[in-house]
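Residue strings, one per chain:
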Amino acid sequence: MDVEERMELATRNAVEVVTEDELREILETKERPVAYVGFEPSGKIHLGHKLVIDKMVDLQKAGFKVKILLADLHGYLNEKGSLEEVRETAEYNKRCFVAMGLDPKDTEFVLGSEFQLEPDYALDVYKMARHTTMKRARRSMDMIARREENPPVSQVVYPLMQALDIVHLGVDLAVGGLEQRKIHMLARDVLPKLGYEPPTCLHTPIIHGLDGDEKMSSSKGNFIAVDDDPDTIREKIMKAYCPMKETEGNPILELYRYFIFREYDEVTIERPEKYGGDVTYGSYEELERDYAAGEIHPLDLKENAARYMAEILAPVRRRLGVEA
RNA sequence: CCGGCCGCAGCUCAGUCUGGUAGAGCGCGGGACUGUAGAUCCCGUGGUCCCGGGUUCAAAUCCCGGCGGCCGGACCA
C-alpha cells in the first residue's frame, strides 16, 4: 500500500486532520506509528463509538499500531461513577471494542490509572495547569462535561490529563470525535511549552441522535447500541427523526453514509412495486441525491436501514455472546 | 467560621407566609392525522416534597438538628 492509499484509508469519513501534512509525514517516515483514542467508560457502547472504532480499524490497516485508552480516571473526574464502577464498565467496553472488529492481538488496551498516577505524569499535570487558563480549560470541556452548572475542579484537570496522555502513551496520531477538538487544540498549544511536540490530530464526525439532536449520546437515550437486537434496532429507527427530502442533520441518512456504505459496495433499497420497486446504489452520494429529490421515501429509507444495520451489528452481538 | 437564599415528577419550577386529598410547563408513553419521524390535536404516565427528630387530630408547609448547592461577609497568619 503506498502512502496515498494509506492517507485515503486514514482520512475517509473523517471531518479533519490537523494537519494533513503532518499525517503524511508520519506515514512517510515512521516505521510503526502509533494512533490512539481514549474513551470514558460508558454503560452503552453505541454508533457514536463505532464511528471512532471503525476509524481505528482503518488506521490499523493503514499500518498504525493502535492504542485504546480505557480512561477510568477521566470517567471518575467526569462523575461517571466511583473508580470501582468505572473500571468495571471499562472491562465491558473493552469486550465491546474487540467484538467490533479490533484485533486484540494487534491492539493495546491501556487503563488510564496504570500510568496517570506516576510522579512524572503528575508533575506534568501541574505544569499544564500552570500554562493553561481556567477559561481555556473549561471551554475545552464544552461538549464533554457531564455537568455545566457547578462544575467541580476535576473538570478542568480532565483536559490537562487528556493532553498529557498523548505524550505519555507515545502517540503519533490522536484520534477522537469532533467534540474532542478543543482539547486537542489545547494540547497543540500547551504541550510545546513543556518541551513536547504538538500532536497530530484526526477527528471523526459527531453523528446526530435518532431524535435529531446534535449528538448521539448514552445520556439522552437517542442511540443505537452496538449490542441492540434487530427488533430494538428496527423500533428505534422507525421512531427516528427523518424529514422527507431533508439531507442536513438527518440521522437515518447518516447511517447509510457512515456505516452501511462502509460495509457494502452496493446498497439496495427494497420497496413495494407500487412505490417504484427496488433501487440499487453504488455510492452514498447517489442515494442522497435521490432522497433530496424525493425519489426515496423516508419509510423505505428506514425499513432498509433497519435491515442493513441489524446485519452489520449481528457479528458484534455474536462475538459478545448475546442471544441473537 | 458567620449570614442570606435555595433543595418538590426525568428537567425547569409554583405551592411554604396563613398546616387540611401534591400541581404546571416541558419531557416521556399511547392514539388520531400523515405510506416514516416531526409538527398539531386528543388521552395517559408521572413523586423518598434532601435526611433525621419535634409540635399537631393533621406537616412539602411550623420548630430543632444535619447534609448538599449558590451568593455574600469575616479571617488573611
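Residues numbered from 1 in each chain as written. Chains lettered and ligands numbered in written order. Predicted model: local features only at pLDDT ≥ 70, side-chain atom pairs only at ≥ 80, totals over all residues. Heavy atoms only, no water.

Counting through the fold element by element, Glu16 comes out in strand β1 (residues 16–18). Classification of Glu16 as buried rests on a relative accessible area of 18%. A distance of 2.6 Å separates polar atoms of two side chains, one belonging to Glu16 and the other to His203. With sequence-adjacent residues up to four places away left out, Glu16 is seen in contact with Leu178, Arg181, Cys201, Leu202 and His203. (Helix = DSSP H or I, 4+ residues; strand = E, 2+ residues; numbered from the N terminus. Buried < 20%, exposed > 50% of the residue type's maximum accessible area, 1.4 Å probe, protein only. Polar contact = N/O pair within 3.5 Å; in protein donor to acceptor, adjacent residues only side chain to side chain. Contact = heavy atoms within 4.5 Å.)

What follows is about the packing of aromatic side chains. Following the criterion strictly, the structure yields 4 aromatic pairs and no others. Aromatic side chains Phe39 and Phe97 sit 4.8 Å apart centroid to centroid with 35° between the ring planes, which places their arrangement in the tilted category. Remark: Phe97 occurs in helix α5 (residues 83–99) and Phe39 occurs in strand β2 (residues 34–39); sequence separation between them is 58 residues. Classification of Phe39 as buried rests on a relative accessible area of 9%. Seen in terms of ring centroids, Phe115 and Tyr121 are 5.6 Å apart; in terms of plane orientation they differ by 85°. Their pairing is edge-to-face. The lysine or arginine in question, Arg307, covers the ring of Tyr308, its NZ or CZ lying 4.5 Å from the ring centre. (Phe/Tyr/Trp six-rings, centres within 6.5 Å; stacked < 30°, edge-to-face > 60°. Lys NZ or Arg CZ within 6 Å of the ring centre and 35° of its normal.)

Turning to helix α6 (residues 119–130), a few remarks are in order. Taking 1.5 Å per residue as the helical rise, α6 with its 12 residues ought to reach 16 Å, and the 17 Å between its terminal C-alpha atoms agrees with that figure. Inspection of α6 places Tyr121, Asp124, Val125 and Met128 among the buried residues, and these make up the whole buried set. The buried residues of α6 occupy an angular sector of 110° when the element is viewed end-on, so they sit on one face. Set apart from the buried face of α6 by more than 90 degrees, the exposed residues are Pro119, Tyr126 and Arg130. Contacts made by the buried residues of α6 are with α8 (154–168) and α9 (181–190). (Expected span 1.5 Å × (residues − 1). Arc of directions from axis to C-beta.)

The environment of RNA strand B is formed by 14 residues, the closest being Lys239, Ala240, Cys242, Asp300 and Lys302. Counting only atoms of RNA strand B within 4 Å of the protein, the fraction found in sugar and phosphate groups is 48%. Contact distances for RNA strand B include 2.5 Å between a base nitrogen and a backbone N or O atom of Cys242. Looking at the surface near RNA strand B element by element, the count peaks at 4 residues for helix α13 (residues 298–320). The class makeup of the residues in the surface near RNA strand B is 9 nonpolar, 2 polar and 3 charged. (Near = heavy atom within 4 Å. Nonpolar A, V, L, I, M, F, W, Y, C, P; charged D, E, K, R; others polar.)

Quick look at the domain arrangement of chain A now. What the domain assignment reports for chain A is domain 1 (3–204) and domain 2 (218–319). Its C-alpha centre places domain 1 at a distance of 29 Å from the equivalent point of domain 2. Taken together, the two surfaces of domain 1 and domain 2 that pack against each other cover about 1500 Å², and 61% of this comes from carbon and sulfur. On the surface where domain 1 and domain 2 come into contact, there are 3 salt bridges. Residue Asp58 pairs with Arg262 through a salt bridge whose shortest N-O separation is 2.5 Å. Put simply, domain 1 and domain 2 have 7 residue pairs in polar contact (both at pLDDT 80 or more) between them. (Domains from an automatic or database assignment. Buried area = accessible area lost by both parts, 1.4 Å probe. Salt bridge = Lys/Arg side-chain N within 4 Å of Asp/Glu carboxyl O.)

What follows covers the nonpolar core. By size, the foremost hydrophobic cluster in this structure holds 68 residues, and its most contacted members are Ile68, Phe97 and Tyr256. Ranked by residue count, the leading element in this core is α13, at 10 residues. In terms of domain composition, this core takes at least three residues from each of domain 1 (3–204) and domain 2 (218–319). Residues contacting Phe97, with those up to four places away along its chain left out, are Phe39, Ile45, Ile53, Ile68, Leu70, Leu102 and Phe109. Core analysis: the next-biggest nonpolar cluster, separate from the first, contains 30 residues, Val34, Leu73, Met141 and Val171 among them. (Core = buried A, V, L, I, M, F, W, Y, C linked by side-chain atoms within 4.5 Å.)

The full count for this structure, using the stated rule, is 21 salt bridges. Of the charged contacts in the structure, one is a salt bridge between Arg181 and Glu16, with a shortest N-O distance of 2.6 Å. Linking Arg181 in helix α9 with Glu16 in strand β1, this pair joins segments that are 165 residues apart in sequence. Here Arg181 falls in the partly exposed class, since its relative accessible area comes to 34%. When salt bridges with common partners are traced through the structure, they connect Arg12, Lys50, Asp54, Lys55, Asp58 and Arg262 into a single cluster.

Time to look at a negative patch on the surface. Residues Glu20, Asp21, Glu25 and Glu28 make up a contiguous surface patch of negative charge. Tracing the backbone through its elements, the reader meets Glu20 in helix α2 (residues 20–29). (Patch = residues over 30% accessible without salt bridge, like charges linked within 9 Å, V, L, I, M, F, W, Y side chains within 5 Å. Areas by Shrake-Rupley, 256 points an atom, 1.4 Å probe, with all protein chains shown as cover. Lys, Arg positive; Asp, Glu negative; His and termini not counted. Charge placed at Lys NZ, Arg CZ, Asp CG, Glu CD.)

Let's shift gears to the sheet that holds β1. Ordered by their spatial adjacency, 6 strands build an open sheet running β1-β6-β5-β2-β3-β4, and the pairing between neighbours is mixed. Across the chains shown, the open sheet's two edge strands, defined by having one partner strand only, are β1 and β4 (107–111). Neighbour-to-neighbour, the strand axes of this sheet turn through a mean angle of 25°, independent of strand direction. As judged from the 2 bridges shared by β2 and strand β5 (residues 173–177), these two strands associate in the parallel manner. Of the residues in β5, the one forming a bridge with Ala35 is Leu173. (Pairing = 2+ DSSP bridges. Axes fitted to C-alpha atoms, helices over the stretch in contact; angles between N-to-C directions.)

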